[in-house]
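# Results of the structural survey
Here is how the chains run, residue by residue.
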Amino acid sequence: MAEPSTAEPDTVIATRALTKRYRGGQLAVDGLDLSVPAGSVFGFLGPNGSGKTTTIRMLMGLIEPTSGAARVLGQPMPRATRTVLPHVGALIEGPALYGFLSGRDNLLRYDSADPTADPRTRRTRVAAALDRVGLTAAAGKKAKAYSLGMKQRLGLAAALLQPRRLLVLDEPTNGLDPQGMREIRSLVRELASEGTTVFLSSHLLDEIEQVCTHVAVMAQGRLITQGPVAELAAGARGRLVVTTPDPGDAARVLKEQGVSDVVVTEDRVTGEPPERDLAEVNAALVTAGVRVRGFGLERASLEDAFVALTGEGFDVAG
Amino acid sequence: MSRAETTDGTDVTAGTGTVEVVGVRKPSPLWTLGLLRNELVTTLRRWRTIALLGVLAAVPVLVGIAVKIETSDGASAGGGGGPAFIAQITNNGLFLVFTALAATLPFFLPMAIGVIAGDAIAGEANAGTLRYLLVAPAGRTRLLLTKYATTLAFCVIATLVVAVSALIVGALLFPLGELTTISGTRISFGEGLGRAFLIALAVAASLIGIAALGLFVSTLTNSGIAAMATTVGLLITIQILDQIPQLHSLQPYFFSHYWLSFADLMRDPVYWDDLYRNLGLQGLYAAVFGTAAWARFTTKDITA
Ligand SMILES: Nc1ncnc2c1ncn2[C@@H]1O[C@H](COP(=O)(O)OP(=O)(O)OP(=O)(O)O)[C@@H](O)[C@H]1O
Ligand SMILES: [Mg+2]
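The name that an unreviewed UniProt entry assigns to chain A is ABC transporter ATP-binding protein, with the source organism given as Streptomyces sporangiiformans. According to its UniProt record, chain A has this under Sequence similarities (unreviewed entry): "Belongs to the ABC transporter superfamily."

So this is what it looks like as structure tokens:
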């Protein structure tokens, strides 16, 4: 029997060979081994249809895995939903609200659904959550009259009704304006600094790069890689960039020096750096009489790493 | 998924070592009723619920006015046709309560229940709010029980709305006083009022079966409209089948078969047999379809 979390004591989410095949036969998640360290801001990356939401549904006990096991806060899911979920706030596939209720009444309802929430402090909790997402002024308005961004904020407020140990956010910045996105990012940082582990699914790379400490990349239901963001970005090697008024000569010399995939664009020559010391490559250029204006390595972004891992294509896998 | 939900209060940190507990909460068992309270209030505040209750309240008004107009020239109401007790209304307004319940029980009341029960789970799934209730975590069994309890409360409220509206209209349009039972004996107005209350309870209890049926249908689909339509469709089908003589041997198992037994409360002495049969049948429906709904809902993948 898989008991992933006992091996790693400070793991908030641990899955072992987690697999989900939907009733239609679609294999949405395939043998996922995920390990989310406590206190991390964990980015869960993947193109559309790669199984992010499906994984989150299994972690939240909404759907039963076809095989494999998942532990959240050290407890098996979906068996321990009642003990685990009061400590977990979640935003899954966008907010869902009662349009005929006001924003405040929506939160009162979600709060009363939690049997561990004290009814005596319910209104205080709701007011604090509304305040945290900046909705206090619109709290009395019917939710159907909310804009997409306001709905997203209200959904987030529902996830923040209680102090949480884990926050699961499935594409939280969907529909938000740039200002709203920034607010979410600072909120995530704030929560993380309070000790909440944040599990954040997204396909916006810069979002992940800006707030996440760790990242996992999914494609077609399989986990491609996971680890600290810095490691992943470092894994994809940077490119050697030479700026010169003599690009033709530079390209020839670089090839002689073992640089592969040489590309010339006007006065820029780029290529995959060789194993040898780059100082020698530079010396060779100068010796050959190539005038060099700039010489250096361009650091790989997470985007390069992501594309390298999942392939350039924008097509959704069937 | 609720198959083995562990009880509250288990230490969540078991097996996680360094993860700290943030704010240990000691929930009181009474807090679990917060959802029921919220559900009742939310249901009664919905436009749709108010409209349904409005239609139900209008039925006795229409019947009362129709009888008043028809009998204004001294003729007797009903002329042998129409719902039970209609001929007596002109003598005693209290009979409007019995007539209104007899008129709404075959269709209006169960249709209203079918709408509320059918929408119970499917409507939440449709709106996506079901997933948030479940991660709150409402608990699947608790949510289902809350929904059923609310539907049953609505059965009582809907029946009382008809009865009270009828009583008010009856008192305004017709004289009140002693009344004659079906058996021909006279009873005081006070006792008549008591019987009217019992009849309202019997009518409300007659709706237990369709409430359970509607709840079960509601767990089968993610479309509130489809669940409501299916439940009301089943209601009409059963009513039609109950009229076909060839199905004689099956009919005692139709949830509507003993519905009109409430009239036996107007006999003196009361004839209880069919009333008990009705209660037993409603209990059977509640047990069978309640269990089916539970089995379905606690194992269902919630993807909406
Ligand atoms: N309810 C469902 N029934 C059948 N198949 C489904 C269901 N939900 C999702 N799928 C399939 O499972 C796969 C993974 O879907 P999922 O929603 O988990 O992707 P995702 O990574 O969240 O995508 P996105 O970035 O678009 O939100 C897809 O191929 C999808 O078609
Ligand atoms: Mg998704």
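Having seen it, we continue.
### Digging into the site of ligand 1
Taken together, 15 residues form the shell around ligand 1, and within it N48(A), G49(A), K52(A), T53(A) and T54(A) come nearest. The environment of ligand 1 is shared, with nearby residues belonging to chains A and B. Here an oxygen atom of ligand 1 and a backbone polar atom of G51(A) are 3.0 Å apart. At 3.2 Å, a side-chain N or O of E171(A) approaches an oxygen atom of ligand 1. Bound to the protein, ligand 1 loses 71% of the 630 Å² it would expose on its own. Considering every element that reaches the shell around ligand 1, the biggest residue donor is helix α2 (residues 52–59) of chain A, with four residues. Here the shell around ligand 1 is built from residues that sort into three nonpolar, nine polar and three charged.

### What about the sheet that holds strand β14 (residues 268–272) of chain A?
Residue and element names in this part refer to chain A. Across the sheet, four strands lie side by side as β13-β14-β12-β15; this open sheet has antiparallel pairing. The sheet terminates laterally at β13 (260–265) and β15 (294–298), the two strands that pair on one side only. Neighbouring strand axes in the sheet, compared pairwise and without regard to direction, differ in orientation by 20° on average. Pairing between strand β12 (residues 239–243) and β14: four bridges, direction antiparallel.

### Here's the deal with the nonpolar core
Ranked by internal contacts, the top residues of the largest apolar core, which has 154 residues, are M60(A), V88(A), L107(A), F199(A) and F98(B). Setting aside chain neighbours within four positions, we find F199(A) in contact with I13(A), L34(A), V36(A), F42(A), F44(A), I56(A), L59(A), L166(A), L167(A), V168(A) and L169(A). Judged by nonpolar contacts, the second largest core, of 12 residues, contains A251(A), V281(A), A284(A) and L285(A).

### Structural notes on helix α4 (residues 108–127) of chain B
Residues and elements named next belong to chain B. End to end, α4 covers 26 Å across 20 residues, agreeing with the expected 28 Å (1.5 Å per residue, within 8%). At A120, α4 is bent by approximately 50°, the largest bend along its length. Summarising burial for α4: 16 of the 20 residues are buried, a large majority. In the stretch just after α4, G128 is the one whose phi turns positive, near 85°.

### With respect to the pairing of strand β2 (residues 27–32) of chain A
Inspection of the sheet shows strand β1 (residues 11–21) of chain A paired to β2(A) by three bridges, in the antiparallel sense. The residue bridging L18(A) from the neighbouring strand is L32(A), located in β2(A).

### Examining the domain arrangement of chain A
Each assigned domain of chain A is listed with its residue range as follows: domain 1 (11–234) and domain 2 (240–298). Taken over C-alpha atoms, the centre of domain 1 of chain A sits 46 Å from the centre of domain 2 of chain A.

### Section: the pattern of salt bridges
In the structure shown here, the tally under the stated rule is 25 salt bridges over all chains. Across the salt bridge formed by E190(A) and R132(A), the nearest N and O atoms sit 2.9 Å from each other. Highlighted residues: E190(A) in helix α7 (residues 178–193) and R132(A) in helix α5 (residues 122–132), separated in sequence by 58 residues. Judged by relative accessible area, which is 32%, R132(A) ranks as partly exposed. Between E178(B) and R186(B) there is a salt bridge, with its nearest N and O atoms 3.4 Å apart. Accessibility expressed as a relative area gives 51% for R186(B), which makes it exposed. Salt bridges sharing common partners tie together R109(A), E39(B), E124(B) and K147(B).

### A word on the sheet that holds strand β4 (residues 41–45) of chain A
Residues and elements named next belong to chain A. The strand order across the open sheet built from six strands is β7-β8-β9-β4-β10-β11, with neighbouring strands paired in mixed fashion. The open sheet has two edge strands with one neighbour each: β7 (88–91) and β11 (222–228). With strand direction ignored, the average angle separating the axes of adjacent strands in the sheet is 10°. Bridging between β4 and strand β10 (residues 214–219) involves four bridges; their strand directions are parallel. What sits directly across from F44, in β10, is A216. Lying on the sheet, α2 is in contact with β4, β8 (166–170), β9 (197–202) and β10; it crosses β9 at an angle near 145°.

### What to know about the pairing of β9(A)
The two faces of a sheet get side chains in turn, since along a regular strand they alternate between them. Residues and elements named next belong to chain A. The element β9 is largely enclosed, with a buried count of six among its six residues. Here β9 shows two buried faces, one formed by T197, F199 and S201 and the other by V198, L200 and S202. The pairing of β4 with β9 spans five bridges and is parallel. Residue pairing for β9: V41 is matched across the bridge by V198. Looking at chain direction, β8 and β9 are connected through five bridges and run parallel. By the bridge assignment, V168 is partnered in β9 with F199. Crossover connection from β8 via α7 to parallel β9: handedness right-handed.

### Observations concerning the packing of aromatic side chains
Residue and element names in this part refer to chain B. This structure, assessed with the given rule, holds 12 aromatic pairs over all chains. Plain terms: the ring middles of F95 and F98 are 5.5 Å apart, the flat faces sit at 80° to each other, and that makes the pair edge-to-face. Here F98 and F95 lie together in helix α3 (residues 95–104), a separation of three residues that amounts to about one turn. Each member of the pair, F95 together with F98, is buried. Ring geometry for F216 against F289: centres 5.8 Å apart, planes inclined by 45°, an arrangement best described as tilted.

### Let's talk about the packing of helix α6 (residues 140–173) of chain B against helix α10 (residues 273–299) of chain B
All names here are of chain B. Close contact between α6 and α10 brings their axes to 10 Å; oriented N to C, the two are set at 140°. When the interaxial angle is binned, α6 and α10 end up oblique. As for the relative orientation of α6 and α10, their crossing is right-handed in sense. On the side of α6, the interface is formed by R140, T141, L143, L144 and Y148, while α10 contributes A286, A293, W294, F297, T298 and T299.

### Brief notes about helix α10 (residues 247–256) of chain A
Two residues of an α-helix separated by three or four positions point the same way, owing to the 3.6 residues in each turn. Buried within α10(A) we find P247(A), A250(A), A251(A), V253(A) and L254(A). The inward-facing, buried residues of α10(A) contact β12, β13, β14 and α11 (278–287) of chain A.

Conventions adopted
Residues numbered from 1 in each chain as written. Chains lettered and ligands numbered in written order. Predicted model: local features only at pLDDT ≥ 70, side-chain atom pairs only at ≥ 80, totals over all residues. Heavy atoms only, no water. UniProt positions renumbered as here; feature names shortened; annotations may be inferred. Near = heavy atom within 4 Å. Polar contact = N/O pair within 3.5 Å; in protein donor to acceptor, adjacent residues only side chain to side chain. Areas by Shrake-Rupley, 256 points an atom, 1.4 Å probe, with all protein chains shown as cover. Helix = DSSP H or I, 4+ residues; strand = E, 2+ residues; numbered from the N terminus. Nonpolar A, V, L, I, M, F, W, Y, C, P; charged D, E, K, R; others polar. Pairing = 2+ DSSP bridges. Axes fitted to C-alpha atoms, helices over the stretch in contact; angles between N-to-C directions. Core = buried A, V, L, I, M, F, W, Y, C linked by side-chain atoms within 4.5 Å. Buried < 20%, exposed > 50% of the residue type's maximum accessible area, 1.4 Å probe, protein only. Contact = heavy atoms within 4.5 Å. Expected span 1.5 Å × (residues − 1). Bend = angle between axes of the 7 residues up to and from the residue. Domains from an automatic or database assignment. Salt bridge = Lys/Arg side-chain N within 4 Å of Asp/Glu carboxyl O. Right-handed = clockwise from strand over helix to strand, strands pointing away. Phe/Tyr/Trp six-rings, centres within 6.5 Å; stacked < 30°, edge-to-face > 60°. Parallel < 35°, antiparallel > 145°, perpendicular 65-115°, else oblique. Left-handed = near helix turned anticlockwise from the far one by under 90°.

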